[in-house]
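A structural walkthrough
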Amino acid sequence: MIEFLNLNATHSPYADELREAVGQVVDSGWYLFGEEVDAFERAFSKYNSVDNTVGVASGLDALRIILRAYRELGLMTEGDEVIVPANTYIASILSITDNDLTPVLLEPDPRSYNIDPARVEDHITDRTSAVMIVHLYGQNAYTREIGHLCEKYDLKLIEDAAQAHGAYYQDRRVGSLGDAAGFSFYPGKNLGALGDAGAICTDNSELAECCRTLANYGSQEKYTNKYQGYNSRLDEIQAAALRVKLKYLDQQNQTRREIAQQYLETIDHPDITLPTVYDVSESASGSNGGVPVDHSATPVTAVDSHVWHLFVVRHPDRDALRQYLEDEGVDTIIHYPIPPHEQEAYSEWEDRSLPITERIHEEVLSLPMGPHLSEEEAVTVSELVNQYPHS
Ligand SMILES: *Cc1c(COP(=O)(O)O)cnc(C)c1O
């Protein structure tokens, strides 16, 4: 079986270092609010070129604590609107509704699967207080146009960077592009912990302080509670593991790029839509700060800021393609089969029609992707996809 994900294989180049780091925490007898968390927060701030990192318990918590902090600081109020792509993972939406804010679901760009900058301005009202961009599948979603709109209308720009650790917009890392960013270190993410973990990155020290307080029961000083907070901490074991894994992130992202490049260059099937990579390098002159790369003409790595958390293709009969690949020994996953607005959890949106989003959810299939894959396996996947009967 060509596996979709294999964390043992992902960890194999540094498994001893990981065991050693975790073992040291076990032996230290100190498990929360310690040196490992401090050191990881500093390292992650440096990696992303931001002033503050606040470790929390998950990616969902990172996002909901950012929004809650804006509410506590009086910068957002109940019912304010947050513009967000409709095809995101449900966590982005949950972080908004959990704060009694209103998600404004936008159809994405069907080529990048990211927020469509051309649709943003039309959805800004006098209740809009933020735009949440989601760097879906590992591709930067920020554009100059979105940055300008947020300035023009005085909106907070929040990044859901849960799938894009290490990705770039020009020479800046995602997570440093807006007012605040949420990261997830769910084990399968590009930078994954040995369990749940997450982080908030921001240059705004007041916001960071508020998030840190909220994540610790709303308390700055022991037994004194400023806010009705949460218990959402990054613990020492996770921080120790993340500190080891952060050192290998760029290298492992590069392996993902090589696999993606091999897929892009060799998969050639009339019914299959490959992902579109946007050139967001300094020299790209598209009006939105990003232009699609013609990967038949350009070496993808030359312009690639993408970190390929997932390699997502589309096929009109996705389920049959998936079955075929499974029969041939290739494990695939669907990210995601049901969009948030069609979930029972949001039954109030039952009548919403978002045809681009719905079509994406019907057609997407994620091929095996990750540092665990060998080049040979990637070649086999491409060949099997190419052999799939045409419609
Ligand atoms: C994984 C993910 C999250 C949530 O992260 P958790 O750590 O699972 O809470 C949020 N947004 C996106 C886009 C994700 O992929």
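The following refers to the structure shown. Owing to the predicted nature of the structure, the values given are computational and were not obtained by experimental measurement. (Residues numbered from 1 in each chain as written. Predicted model: local features only at pLDDT ≥ 70, side-chain atom pairs only at ≥ 80, totals over all residues. Heavy atoms only, no water.)

Thoughts on the pattern of salt bridges
Keep this limit in mind: Just to be clear on terms, a salt bridge is a Lys or Arg side-chain nitrogen sitting within 4 Å of an Asp or Glu carboxyl oxygen. Helix and strand assignments follow DSSP, with helices taken as H or I runs no shorter than four residues and strands as E runs no shorter than two, numbered in order from the N terminus. Only protein chains enter the accessibility calculation, which uses a 1.4 Å probe; a residue is then buried when its area is under 20% of its type maximum, exposed when over 50%, and partly exposed in between.
Applying the stated criterion across every chain yields a total of 14 salt bridges. Where Glu17 meets Lys247, a salt bridge forms, and the shortest distance between an N and an O atom there is 2.3 Å. Here Glu17 is found in helix H2 (residues 15–28), whereas its partner Lys247 is found in helix H9 (residues 236–247), with 230 residues between them in sequence. Taking relative accessible area as the criterion, Lys247 reaches 56% and is therefore assigned exposed. Between Glu121 and Lys152 there is a salt bridge; the shortest N-O distance is 3.0 Å. Here Glu121 is found in the loop between helix H6 (117–120) and strand E4 (128–134), whereas its partner Lys152 is found in helix H7 (residues 144–152), with 31 residues between them in sequence. Taking relative accessible area as the criterion, Glu121 reaches 33% and is therefore assigned partly exposed. Residue Lys152 is classed as exposed on the basis of its relative accessible area of 59%. Each of Asp61, Arg64 and Asp98 takes part in one network of salt bridges that share partners.

Focus: helix H12 (residues 318–327)
Basically, it comes down to this: In this description, one arc is meant: the one made by directions from the helix axis to the C-beta atoms. It only takes one pair of heavy atoms within 4.5 Å for two residues to be counted as in contact.
By the burial criterion, the buried members of H12 are Arg318, Leu321, Tyr324 and Leu325. The arc that holds every buried residue of H12, seen down its axis, measures 125°, which confines them to one face. Structurally, H12 contributes buried residues whose contacts are with helix H13 (355–363), strand E15 (364–367) and helix H14 (375–387). Note on H12: the residue one or two positions beyond its end, Gly329, has a positive phi of about 90°.

Some thoughts on the pairing of strand E5 (residues 156–160)
Applied cut-off: Note on pairing: DSSP must find at least two bridges between two strands before they are called paired. When the strands point away from the viewer and the path from the first strand over the helix to the second turns clockwise, the crossover is right-handed.
Within E5, four of the five residues are buried, leaving the element largely enclosed by the surrounding structure. In terms of strand pairing, E4 meets E5 through five bridges, oriented parallel. Note on E5: the bridge partner recorded for Val134 is Asp160. In this region the chain leaves E4, passes through H7 and returns to the parallel neighbour E5; the handedness of that crossover is right-handed. Examined bridge by bridge, E5 and strand E8 (residues 180–184) share three bridges and lie parallel to one another. In the sheet register, Glu159 faces E8, and the bridge partner there is Ala181.

Examining the side chain of Thr10
What counts is decided by this rule: In protein, a polar contact means a hydrogen-donor-capable atom and an acceptor-capable atom, both N or O and within 3.5 Å, with residues adjacent in sequence counting only if both atoms are side-chain atoms; elsewhere, any N or O pair within 3.5 Å suffices.
Mapped onto the fold, Thr10 is located in helix H1 (residues 7–11). Looking at Thr10, its side chain comes within polar contact range of the main-chain oxygen of Asn6, at 2.9 Å. Leave out the neighbours within four places in its chain, and Thr10 touches Gln252, Pro371 and His372.

Quick word on the packing of H2 against H9
Which entries qualify depends on this criterion: A fitted line through C-alpha atoms serves as each axis, taken over the contacting stretch for helices, and the angle formed by two N-to-C directions is quoted from 0 to 180°. Orientation is classified from the angle alone, with under 35 degrees giving roughly parallel, over 145 giving roughly antiparallel, 65 to 115 giving roughly perpendicular, and any other angle giving oblique. In this scheme the handedness of a crossing depends on how the near helix is turned from the far one: anticlockwise by less than a right angle means left-handed, clockwise means right-handed. Each residue gets one label: Ala, Val, Leu, Ile, Met, Phe, Trp, Tyr, Cys and Pro are nonpolar, Asp, Glu, Lys and Arg are charged, and the others, such as Gly, are polar.
Across the interface, H2 lies against H9 with an axial gap of 9 Å and an inter-helix angle of 155°. Classified by the interaxial angle, the pair formed by H2 and H9 is roughly antiparallel. Seen along the crossing, H2 lies across H9 with a hand that is right-handed. In contact with Glu17, Leu18, Ala21, Val22, Val25 and Val26 of H2, H9 contributes Glu236, Ile237, Ala240, Ala241, Val244, Lys245 and Lys247. Its residues placed into classes, the contact of H2 with H9 shows nine nonpolar, no polar and four charged.

Description of the site of the ligand
Here is the rule we go by: Here a residue is considered near a molecule or strand provided that any single heavy atom belonging to it is located within 4 Å of it. Accessible surface is estimated by sampling points in the Shrake-Rupley manner with a 1.4 Å probe; for residues, cover comes only from the protein chains shown. Of the grid points, spaced at 1 Å and generated over the protein atoms alone, those admitting a 1.4 Å probe that cannot get out make up cavities, while open sets with protein on both sides within 12 Å along at least five of seven lines make up pockets; any residue with an atom within 4 Å of a point is treated as lining. Placement in a cavity or pocket follows one criterion, namely that more than half of the molecule's atoms lie within 2 Å of its grid points.
Inspection of the region around the ligand gives Ser58, Gly59, Leu60, Tyr89, Ala91, Val134, Asp160, Ala162, Gln163, Ser184, Lys189 and Tyr336 as its neighbouring residues. Contact between the ligand and Leu60: an oxygen atom at 2.8 Å from a main-chain N or O atom of the residue. With respect to the ligand, the side chain of Asp160 contributes an N or O atom lying 2.7 Å from a nitrogen atom. Taken by itself the ligand offers 380 Å² of open surface, and the protein chains cover 91% of this. In a pocket analysis with a 2 Å cut-off to the grid points, the ligand is assigned to the largest pocket. A breakdown of the residues in the shell around the ligand according to their chemical character gives six nonpolar, four polar and two charged.

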